[in-house]
Structures are given as structure tokens and as C-alpha cells.
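Residue-level structural notes
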Amino acid sequence: MANSNESLLAGAKVLPFILGGKSTFTLRSVKTGTRYTYRVSAAKEKPGLFFAKVLAGTDSYVYIGVISKGVFRLTAASKMAEAAVPVVAFKWMLERVTAGAPTPNMEFWHAGKCGRCGRKLTVPESIACGLGPECAGKVASCSFAAIRRITSIKSRNELLK
Ligand SMILES: [Zn+2]
């Protein structure tokens, strides 16, 4: 990966990052080394709705579905089938993370950019969390309480309180 500030995220740090509003991250299978890079962006007009895409080629992202109230699902516009490996991996990861469960044999790497605004992360604390100093205060903090709140989320505004 090109960005040297990418970092491994785990546990309670993952979900606030994914739902930050503008996140880019890679899921990597520890066993096989297979990796997929995703982009999750918040819908501007619909709080609590996020669009998920997967990198399919050089800087070309393909739409795979939405995250609504913390749950991923395909839509009519999805460019991949439910059984496609990048879709299966994404769905499994999100289900585990929203349940506060670990993701055995799967690594979660952020791309060195803030999960909320997409700017490059430079401060070590920010790289460790995946959120810039200003954005970290606006996104639910890296705690288990935050995850529980997100699993019952009604709107993105709740997440950002
Ligand atoms: Zn930011």
C-alpha cells in the first residue's frame, strides 16, 4: 500500500472509524494474505445511511451496498453478488464488529487517512485511532460504550454527538 501511515485497528476502534463518514480501509486474511480495500461514506441527506464500495482495479471503486442502522445489505444497484468474496468478507466483518466480537484471522487496516474527513493522519495518536485530533472528538470515542450505542443507532447524528 502506498500510504506509510496506514495502521492496524482492532476492537472498539474499528466501528467508529468505519462509520466516521469517509473511511478507507483494507481487510486482510491472516491465513491467505488476501486483501480487499473498502470505502465507506455517509449519505449526505440521510443520517445513519452509508455507502460501501470495494476497490476493484487501480483506484476504481465498485459499489457493493449500504450500511443502514449498522447493518450491511445489498441494494438493486449493487455491482457484486451477495456470495462474492469481498461482499461476504465485508458483511462478516461488520456483523462481528457491531456485536463487539473479535474478527479472528482478519486484520483491519486503515489507509492512513482520517475516517471522518479523509485527510492524511500525521499524529501518532491519530494514526493509532484512525481519526484526526479534531474529528476524534466528533466521532464516538474508541470505547465499548460507543459500540453499544452504535448497534442501536437511529441516526448518524447520534453517532456524532
Ligand atoms: Zn478528520
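Because the structure is a prediction, the values reported are computed rather than measured.

A short note on the environment of Lys-53
In this structure, Lys-53 sits in strand E4 (residues 49–55). Residues Lys-53 and Thr-24, spaced 29 residues apart in sequence, show a C-alpha to C-alpha distance of 9.5 Å.

Examining the sheet that holds strand E7 (residues 106–110)
Strand order across the open sheet formed by seven strands is E1-E7-E2-E3-E4-E5-E6, with antiparallel pairing between neighbours. This sheet does not close on itself; its edge strands, each paired only once, are strand E1 (7–9) and strand E6 (71–73). Averaged over all neighbouring strand pairs, the angle between strand axes comes to 35 degrees, with direction disregarded. Note: E4 against strand E5 (residues 61–68), seven bridges, orientation antiparallel. Of the residues in E5, the one forming a bridge with Phe-51 is Val-66. Packed on one face of the sheet, helix H2 (residues 85–98) meets strand E2 (22–29), strand E3 (35–42), E4, E5, E6 and E7 and runs near 30 degrees to E5.

Here we look at the confidence of the model for the protein
Per-chain confidence: the protein averages 86 in pLDDT, with 84% of residues scoring 70 or above. Segment residues 142–157: pLDDT under 50, and 36 contacts once partners within four positions in sequence are set aside and those in other chains are kept.

Concerning the environment of Ala-56
Positionally, Ala-56 belongs in the loop between E4 and E5. Spatially, the C-alpha atom of Ala-56 lies 9.5 Å from that of Tyr-38, the residues being 18 residues apart in sequence.

Some thoughts on H2
Given a rise of 1.5 Å per residue, 14 residues ought to cover 20 Å, and the 20 Å separating the end C-alpha atoms of H2 matches this to within 8%. Along H2, the residues that are buried comprise Pro-86, Val-87, Ala-89, Phe-90, Met-93, Leu-94, Val-97 and Thr-98. Down the axis of H2, the smallest arc covering the buried residues is 165 degrees, so these residues share one side. Positive backbone phi, approximately 75 degrees, marks Gly-100, located one or two places after H2.

What to know about the nonpolar core
Residues Val-14, Ala-52, Phe-90 and Leu-131 are the most contacted members of the largest nonpolar core, which totals 32 residues. Those elements that place two or more of their residues in this core are helix H1 (14–18), E2, E3, E4, E5, H2 and helix H4 (133–136). Looking at which element gives the most residues to this core, the answer is H2, with six residues. Here Leu-131 is in contact with Phe-17, Gly-20, Cys-114, Gly-115, Arg-116, Ser-126, Ala-136 and Val-139, once residues within four sequence places are set aside.

Section: unusual backbone geometry
Although it is not a glycine, Asp-59 sits at a positive phi angle of roughly 55 degrees. Looking at where Asp-59 falls in the secondary structure, it is placed in the loop between E4 and E5. Phi is positive for Asn-105, close to 65 degrees, though the residue is something other than glycine. Structurally, the position occupied by Asn-105 is in the loop between H2 and E7. The exposure class assigned to Asn-105 is exposed, which follows from the 10 C-beta atoms found within 10 Å.

Overview of the pairing of E3
Across seven bridges, the pairing between E2 and E3 is antiparallel. Paired with Leu-27 across the strands is Tyr-36, a residue of E3. Taken together, E2 and the strand that follows it, E3, pair antiparallel across an intervening segment of five residues, in which Gly-33 is found at a positive phi of about 80 degrees. Looking at chain direction, E3 and E4 are connected through five bridges and run antiparallel. From the neighbouring strand, Val-40 faces E4, where its bridge partner is Ala-52. In textbook terms, the turn of a hairpin is the stretch between consecutive antiparallel strands, and for E3 and E4 this stretch comprises six residues, one of which, Gly-48, has a positive phi near 90 degrees.

What counts and what doesn't
Residues numbered from 1 in each chain as written. Predicted model: local features only at pLDDT ≥ 70, side-chain atom pairs only at ≥ 80, totals over all residues. Helix = DSSP H or I, 4+ residues; strand = E, 2+ residues; numbered from the N terminus. Pairing = 2+ DSSP bridges. Axes fitted to C-alpha atoms, helices over the stretch in contact; angles between N-to-C directions. Contact = placed C-beta atoms within 7 Å. pLDDT = per-residue confidence, 0-100. Expected span 1.5 Å × (residues − 1). Buried ≥ 20, exposed ≤ 12 C-beta atoms within 10 Å, placed from the backbone. Arc of directions from axis to C-beta. Core = buried A, V, L, I, M, F, W, Y, C linked by C-beta atoms within 7 Å.

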